[in-house]
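Inside the fold
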Amino acid sequence: MQITTLTLIIAAMAAGAFYFGRERSLSVASGPSRMQSLHSLPGYYGYYTAIWALLPAMGLLLAWNLIEPRVIVGLIVQGLPDAEQSMSPGELNLLINNIRNLANGDVVSGEVGTVLQDAAARYLEYARAGRWMLAVLTIGLATLCASLAWRRITPKFRARNHVERVISSLLIAASSIAILTTIGIVMSVLFEAIRFFREVPLSEFLFGLNWSPQTAIRADQVGSSGSFGAVPLFTGTLLITGIAMSIAVPVGLMTAIYLAEYSSTRIRTITKPILEILAGIPTVVYGFFAALTVAPVVRRVGESMGFEVASESALAAGLVMGIMIIPLVSSLSDDAINSVPRAMRDGALALGSTRSETMTKVILPAALPGIVGGILLAVSRAIGETMIVVMAAGLSANLTANPLEAVTTVTVQIVTLLVGDQEFDSAKTLAAFALGLMLFLITLGLNVLGIYVVRKYREEYE
Amino acid sequence: MAGESAVTTRSKVEQSLGRRRRKESIFRILGIASTLVGVLFLLVFFWTLIGQGASAFMQTFIEIEVEFSEDILAPSGELDLAYADFDAIARNALRKKFPDVSSRSERRELNQLISVGAGYQIKDAIAGDPDLLGTTLLMQVPAAANVDMVIKENIDRNLGEDRRPVSDSQMGWIDALIADGSLVSKFNVALFTNGDSREPELAGIRGALMGSFYMLLITIALAFPIGAAAAIYLEEFAPKNRWSDLIEVNINNLAAVPSIVFGLLGLAVFINWMSIPRSAPLVGGLVLSLLTLPVIIIAARAAIKAVPPSIREAALGLGASKMQVVFHHVMPLAMPGMLTGTIIGMSRALGESAPLLMIGMVAFIVDVPAGFSDPATALPVQIYLWADSPERAFAERTSAAIIVLLGFLLAMNLAAVIIRKKVERKW
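1. As for the domain arrangement of chain B
- Taken as a whole, chain B is organised into domain 1 (2–54), domain 2 (56–198) and domain 3 (206–423).
- The C-alpha centroid of domain 3 of chain B is placed 41 Å from the C-alpha centroid of domain 1 of chain B.

2. Re the sheet that holds strand E1 (residues 58–67) of chain B
Residue and element names in this part refer to chain B.
- Read across the sheet, 3 strands follow the order E2-E1-E3 without closing on themselves; strand pairing throughout is antiparallel. With partners counted over all chains shown, the strands left at the sheet margins are strand E2 (136–142) and strand E3 (183–187), one partner each. Taken pair by pair, the neighbouring strands of this sheet meet at an average axis angle of 40°, ignoring direction.
- As defined by bridge partners, E1 adjoins E2 across 7 bridges and the pair is classed as antiparallel. Within the sheet, the bridge partner assigned to Phe61 lies in E2 and is Pro142.
- Along the sheet, helix H3 (residues 86–97) makes contact with E1 and E2, crossing E1 at roughly 90°.

3. Remarks on the nonpolar core
- Membership of the largest hydrophobic core comes to 221 residues, with the highest contact counts inside it found for Ala290, Ala317, Val320, Ile388 and Ala392 of chain A together with Ile383 of chain B.
- Not counting residues within four places of it along the chain, the set of residues in contact with Val320 of chain A comprises Tyr286, Phe289, Ala290, Val294, Ile388 and Ala392 of chain A.
- Core analysis: the second largest hydrophobic core is formed by 20 residues, Tyr45, Ala50, Ala146 and Ala149 of chain A among them.

4. With respect to the packing of helix H12 (residues 281–305) of chain B against helix H14 (residues 322–351) of chain B
Residues and elements named next belong to chain B.
- Where H12 meets H14, the axes come as close as 8 Å, and the angle between the chain directions of the two elements is 145°. Like other packed secondary-structure pairs, H12 and H14 cross with a definite hand, here right-handed. In contact with Leu288, Leu291, Thr292, Val295, Ile296, Ala299, Ala300, Ala302, Ala303 and Ile304 of H12, H14 contributes Val330, Ala334, Gly337, Met338, Thr340, Gly341, Thr342, Ile344, Gly345, Met346, Arg348 and Ala349.
- When the residues that make up the contact of H12 with H14 are grouped by side-chain class, the tally is 15 nonpolar, 6 polar and 1 charged.

5. What to know about the domain arrangement of chain A
- Per the domain assignment, the segments of chain A are domain 1 (3–157) and domain 2 (227–460).
- Just the C-alpha atoms count here: the centres of domain 1 of chain A and domain 2 of chain A sit 49 Å apart.

About the thresholds
Residues numbered from 1 in each chain as written. Chains lettered and ligands numbered in written order. Predicted model: local features only at pLDDT ≥ 70, side-chain atom pairs only at ≥ 80, totals over all residues. Domains from an automatic or database assignment. Pairing = 2+ DSSP bridges. Helix = DSSP H or I, 4+ residues; strand = E, 2+ residues; numbered from the N terminus. Axes fitted to C-alpha atoms, helices over the stretch in contact; angles between N-to-C directions. Contact = placed C-beta atoms within 7 Å. Core = buried A, V, L, I, M, F, W, Y, C linked by C-beta atoms within 7 Å. Buried ≥ 20, exposed ≤ 12 C-beta atoms within 10 Å, placed from the backbone. Left-handed = near helix turned anticlockwise from the far one by under 90°. Nonpolar A, V, L, I, M, F, W, Y, C, P; charged D, E, K, R; others polar.

As structure tokens, this is what we get:
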């Protein structure tokens, strides 16, 4: 039986439980003013029974689906002949994959022996038995829990309180998902990163100047160990981020100032949505534009001035990334500028300062913390930006500060290391997680600081 | 003394006036220039995008007289669809137009003018109507991408023969085909009905669109209820304590975590730990829901906050429980705001590609996915894949796919704006 059918059956059972629970509450209510003898509205008795039909069964369904593959694999391995059981974990894994492929009718690598045939047959058998067991168990559980709940219904039974308690714990569970996500992120990058640092010392990763993660297949080949000095990646990321910020900060800030202080309302109502469009364009589109339109122009202009420009220069990626970040900087600066009290601005103007003097000498200093916080968030965005650099920046890890050369970034390396098929325990793959950990920590620091500064500052004038 | 100093101050001010006014106007011009940077970029961007991509919505077809020859289709007397050489039929039909092409190498060059899709089209025709066997039919079959590019003037005819992908003799045949009217330009239906392909003229975005559709379905089914529930809890029920603060900080921070990190989470947790198949829309949808959850929670909280307290107090005063207040009164009033937030979150999810690269949705997949666990790709990832292809024809199709993607995003944002305008309430 398919999972979807089973889910539908349970949902239908819950609907039925609602009906029976509601009917029961009406039938147990007696006396002249029937409804008033009930503690809760009849619907709540229905919801109560439905919840008991639905939740335990769905919980079982979820848990079963997480555990079942492991149990089946364990059973299969136990049933294998001793020779296969004593294989190394890698070989065993391959064998199990083959068994699974054979059972599903997919392509099998290697020849199909009797051991494999047997195992595949047993695999199918277990899977079928498992599905039936699951169906019987869930439907049984739903029926059992619903009927127990149904029997508890009496006029005195406080159904509404029960239902509300369940709902409120669901609400708490939903809001804890944010925390679970953070824990999940930290766990998933941390564990793999620790495995990486067991092979490559932390000091080499943080201070090494040479990045070439290609590890040879055989130990006696050239470059068999690969080198994992991440400094060129950090400098490359900084270079591109620097170029992007040197565009985004002045342009975004001046845009915010112009729109807040100088422009007419009409221009503001036209310009703001246009800038929002800029913020809504997907990054992959910016990447395409950077690689196919901006990079050739940068190259042509550079070469006409006598510079040597790499075809995947840091400048092209940085320029486009800067444009992408303009709306972020301008909207956060706009918030900061607008939350400076009007009285300060009017006071400065009344003393005879020009609008630009009011802006640079009074409003900007007052808004500075908010603007700085916004810039921190923008830097974090630039560091974590992936698609533009994947498409427009290079792969070669050059240690350079020349914006016309090709550099690579942390995000580019994560993508190149993890896209495509690879074994999951080589240093090369694990390096991506170590880079991910660095990326997460740095952006986390910037975000927390930025959010704190923005928030703190906003309260100051409120 | 006093009068003198007043005069000097005044004259100082007057002396500096010119300089200050100049500064003022420079500052103003800088402001205008900065604002124009963004606007100009958008203009240039859309100009080049439409300039490159608009032509991809048309495709060149060659009109040939297809002879459903019995020798090829039914060598044994029976119609044999599995092994018949449909390409040969297309080749023969084209060769009939140029009877004087005889040498082997020339014939090979001539054959390069029609797409391999011609064979499939002939196969479909005879499969749909077996009576065609032995007859001749005028068919319009797709031309090869290079022919298409010549017609759209994306390949420069004036370049030397060795610097363009079309040889001189091929150019001559193309001119001959143009002269006798056998080259027709039609709307490029294949772009919307086909999956990915190595041949630009056959490649379409249907597979990517369906992949994106399945992912968004999962995302909306998970992220909207969870996001709304979390927002309700945080706004209406959460006590002011450490735990709520922690959740709050977490949500704000998650909204700013680089999307690629969510991809790493998906790879480690959903694929390696829960062993959900790689490349499936299911994993993509899960990752995208985690990614959009903070956006939705923040928007939904703002919507709930905007409901005036008097509504809650009135309901409480009439004896409603806290839960009834929230679900019967606050939620319906906050719903439009929550929906706009969700739509904006969905449009962000639709444009996201970096995390999808991590979970294996970058494979070359020809089949259109038919379910949540079929291997699939997404529209932005398709753009990334095509942008990497060297053929000129793929650059054109990439732009076209971008136009389609931006069209969807525009529609979603418009819907959000309309909902906001329509149901917005001023309290």
